Amino acid sequence: SMTRHFKWEVGYVFRSPDCVENLVMAINGQFPGPTIRAKAGETLHVELTNKLYTEGVVIHWHGIRQFGTPWADGTASISQCAINPGETFVYRFKVDKAGTYFYHGHYGMQRAAGLYGSLIVDVAEGEKEPFDYDGEFSLLLSDWWHKSVHEQEVGLSSVPFRWIGEPQSLLINGRGQYNCSLASGSAVASSNATTTGRGGPCRFLGHEECAPQILGVLPNRTYRLRLASAASLSSLNFAVTSHRLVVVEADGNYVQPFAVDDLDIYSGESYSVLLTTDQDPAANYFISAGVRGRQPNTTQALAILNYKPNPPFRPPPSPPPVTPRWDDYSRSRRFSLKVHALAGRSPKPPRKSDRQIILLNTQNTVHGLVKWSINNISLALPTTPYLASIKYQLKHAFDRAPPPERFPENYNITRPPPNPNSTVGSQVYRLRLNSTVDVVLQNANAMKGNVSEIHSWHLHGHDFWVLGYGEGRFTAAKDEGHFNLEDPPLKNTVVVYPYGWTAVRFAADNPGAWAFHCHVEPHLHMGMGVVFAEGVHRVRGIPREAIACGLTAGMKKAAAEDDAGN
Ligand SMILES: O=C1O[C@H]([C@@H](O)CO)C(O)=C1O
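This section reports on the structure supplied with the text.

### Some points on the state of the cysteines
Thinking step 1. Scanning the model with the defined rule gives 2 disulfides in all.
Thinking step 2. Here Cys19 connects covalently by a disulfide to Cys210, the sulfurs 2.1 Å from one another. One quick way to see it: the torsion about the S-S bond of Cys19 and Cys210 is about 105 degrees, and its sign makes the bridge right-handed. Within this pair, whereas Cys19 is found in the loop between strand 1 (3–15) and strand 2 (22–27), its partner Cys210 is found in the loop between strand 12 (200–201) and strand 13 (214–217), the two being separated by 191 residues in sequence.
Thinking step 3. Here Cys180 connects covalently by a disulfide to Cys202, the sulfurs 2.0 Å from one another.

### Quick word on the site of the ligand
Thinking step 1. In the vicinity of the ligand, the contacting residues are Phe161, Trp163, Arg294, Gln363, Trp372, Glu453, His523 and Met526.
Thinking step 2. Arg294 places a side-chain nitrogen or oxygen 2.9 Å from an oxygen atom of the ligand.
Thinking step 3. Gln363 has a polar side-chain atom sitting 2.9 Å from an oxygen atom of the ligand.
Thinking step 4. Considering the ligand on its own, with 310 Å² of exposed area, one finds that the protein chains cover 76% of that surface.
Thinking step 5. With respect to the pocket detection grid, the ligand is positioned in the largest pocket.
Thinking step 6. Tallied by class, the residues present in the shell around the ligand amount to 4 nonpolar, 2 polar and 2 charged.

### Things to note about the packing of aromatic side chains
Thinking step 1. Per the counting criterion, the structure on display carries 28 aromatic pairs.
Thinking step 2. Judged by centre distance (6.2 Å) and plane angle (90 degrees), the ring pair of Phe407 and Tyr411 falls under edge-to-face.
Thinking step 3. Look at Tyr411 and you get buried, because its relative accessible area is 15%.
Thinking step 4. Connected via pairs of aromatic rings, a cluster forms that spans Phe6, Trp8, Trp61, Phe89, Tyr91, Phe93 and Tyr103.

### What about the nonpolar core?
Thinking step 1. If you look at the biggest cluster of nonpolar residues, it comprises 88 residues, and the most contacted ones within it are Trp61, Tyr91, Val439, Phe516 and Phe532.
Thinking step 2. Counting residues in hydrophobic clusters, the runner-up holds 34 residues, among them Val240, Phe258, Val260 and Val273.

### Some points on the layout of surface pockets
Thinking step 1. Size it by volume and the largest pocket reaches roughly 510 Å³.
Thinking step 2. Arg294, Lys448, Val451, Ser452 and Glu453 are, among the 22 residues lining the largest pocket, the residues nearest its centre.
Thinking step 3. Considering only residue class, the lining of the largest pocket consists of 12 nonpolar, 6 polar and 4 charged.

### Remarks on the pattern of salt bridges
Thinking step 1. What the rule picks out here adds up to 28 salt bridges.
Thinking step 2. Its salt-bridge partner being Asp463, residue Lys97 comes within 3.1 Å of it at the nearest N-O pair. Taken together, the residues Lys97 in the loop between strand 6 (88–94) and strand 7 (99–105) and Asp463 in the loop between strand 28 (455–459) and strand 29 (464–471) connect sequence positions 366 residues apart.
Thinking step 3. Two residues, Arg333 and Glu471, come together in a salt bridge whose shortest N-O distance is 3.9 Å. Residue Arg333 is located in helix 2 (residues 329–336), and its partner Glu471 is located in strand 29; the two are separated by 138 residues in the primary sequence.
Thinking step 4. Looking at Arg333, the relative accessible area reads 14%, which means it is buried.

### Quick look at the sheet that holds strand 8 (residues 116–122)
Thinking step 1. If you trace the 4 strands from one edge of the open sheet to the other, you get 3-8-7-5, paired in mixed fashion. Of all the strands in the sheet, the pair left with one neighbour each is strand 3 (36–39) and strand 5 (59–62). The mean inter-strand angle of the sheet, taken between neighbouring strand axes irrespective of direction, is 20 degrees.
Thinking step 2. For strand 3 and strand 8, the ladder comprises 4 bridges, and the chain directions are parallel. Looking at strand 8, one finds that Lys39 is bridged to Asp122.

### Some remarks on empty space enclosed by the protein
Thinking step 1. Under the definition given, this model contains 7 cavities of 30 Å³ or more.
Thinking step 2. Of the pockets and cavities examined, the largest cavity occupies roughly 90 Å³.
Thinking step 3. Ile374, Ile377, Ser378, Leu379, Pro403, Gly425, Ser426, Gln427, Tyr429, Gly529 and Val530 are the residues that line the largest cavity.
Thinking step 4. Broken down by secondary-structure element, the contributors of at least two residues to the lining of the largest cavity are strand 24 (377–379) and strand 34 (529–534).
Thinking step 5. No other element matches strand 24, which puts 3 residues into the lining of the largest cavity.
Thinking step 6. Here the residues of the lining of the largest cavity sort into 6 nonpolar, 5 polar and no charged.

### Here's the deal with helix 1 (residues 149–156)
Thinking step 1. Those residues of helix 1 that sit buried are Val149, Gln152, Glu153, Gly155 and Leu156. Angularly, the buried residues of helix 1 cover 165 degrees about the axis, an arc narrow enough to put them on a single face.
Thinking step 2. Tucked inside the fold, the buried residues of helix 1 contact strand 23 (369–374) and helix 5 (521–525).

Analysis parameters
Residues numbered from 1 in each chain as written. Predicted model: local features only at pLDDT ≥ 70, side-chain atom pairs only at ≥ 80, totals over all residues. Heavy atoms only, no water. Disulfide = S-S within 2.5 Å. Helix = DSSP H or I, 4+ residues; strand = E, 2+ residues; numbered from the N terminus. Near = heavy atom within 4 Å. Polar contact = N/O pair within 3.5 Å; in protein donor to acceptor, adjacent residues only side chain to side chain. Areas by Shrake-Rupley, 256 points an atom, 1.4 Å probe, with all protein chains shown as cover. 1 Å grid on protein atoms, 1.4 Å probe; cavity = no way out; pocket = protein on both sides within 12 Å on 5 of 7 lines; lining within 4 Å. Sits in = over half its atoms within 2 Å of the grid points. Nonpolar A, V, L, I, M, F, W, Y, C, P; charged D, E, K, R; others polar. Phe/Tyr/Trp six-rings, centres within 6.5 Å; stacked < 30°, edge-to-face > 60°. Buried < 20%, exposed > 50% of the residue type's maximum accessible area, 1.4 Å probe, protein only. Core = buried A, V, L, I, M, F, W, Y, C linked by side-chain atoms within 4.5 Å. Points joined across faces, edges and corners; volume = space filled by probe spheres on them. Salt bridge = Lys/Arg side-chain N within 4 Å of Asp/Glu carboxyl O. Pairing = 2+ DSSP bridges. Axes fitted to C-alpha atoms, helices over the stretch in contact; angles between N-to-C directions. Arc of directions from axis to C-beta. Contact = heavy atoms within 4.5 Å.

As structure tokens, then:
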């Protein structure tokens, strides 16, 4: 089948995503990066050249399994070395399943610098989706800070700790409005427009980088909106005034369709919703993304659903949707529980698992640094990529002790950690190839009293079944009986609610080394993740340029000599 070729250069550019100029990481000068569109079964061949001056770079293809190509997963220190300035690395892999995906940087906090774009995989020739629509739009949601990612990273790694704070703005396809609002007055100004002060009406001529996304639609049609969240921190709620949304896909898997007025989308998740333009065609309507899950300090992002032939900037007569209360977690759970696999389109989970790993999520300190830990270990990535050091049995590349699969019975998840100290570690959970693994993500109180933060966990290389969500501390006896083994959704990202737990099940069927981590960028930077590895001995043909760093730098030479036969 077909191979699609792309030649990308990653570099910093000055841009104004929310009408304020900042540094943005762009691909071929574009922010967000170019949208990749392909058909299931095709091969992507992305030749990536690093044009940054002093930083490495990698690109992760979020939601793509990388079956047989684990070195293309794009995770620095796990699947590959970071691509050095001036170097070129070829990502060549198959997109084997239709769905709404995205790609993004996976080194330091580069995703938060704007290194992301849409990746849409259509059904293969002759295949059909289980729903029809007349047109489609892809909406990449994210959040945005005026402080550089460099300053964010150093702040989080400083003593005293400097939190990044809440975002200055939310973006829809890389466009947001800081310090003004589309909702107050007409967004179109006469030609002598000036951007106004804080909170005043936005004034656009339409060509500005930060001019809102306009979705031009015809009345009485059905459109597929492909939503994906590349957000660094924010859990978002998406809504379109006066229009119901029918959810039909989650993370590249079909779901039993259900209608909502709004939907929650956590960092790393993607959805497809069907929207029918059955409202008054003389009006335009607001599209909104607002913060939930954390006390909001950022105005909602707005875009326009423009019923043609109305002028695109005609102010919608109705005000934007009101984002539901940020801490109404029972409302949030009710939405999560509406997502079920579409019968006959996804395999059901095995009735039993071979192993159950329980991961306690806590906030801790390590020598005064604020960290997130899993079973009291905060992930510190090694300099040599796990894929190489496991494949080539390189000693001393990472801590080979098996990481803890449980946490102490007497740990009280409703209180701050009695001893806030934890340690950093680089251990790997070794999974037996083709075994069925259950993971329970257990949330807990943060270091501050009466605080438990929302997290969104993403698994590389696999989809998992979401077996259930619960409140308080998970216990097998009390909770396993309530797992949904009938029609659990297949996802690659799942939310963990404050003081609650989320249980997932997956087949360890993909030889490679895979990250499993909180998709909240600062949390990952603070160590909130683990590494799984299965069947690495079976991995064949790791491209040398993927592993020429750390202890393997010498290997590159040795291997070359070896090839030269001396
Ligand atoms: O990791 C985090 O740190 C801060 C707070 O917990 C300490 O300042 C915050 O809100 C996070 O999500």
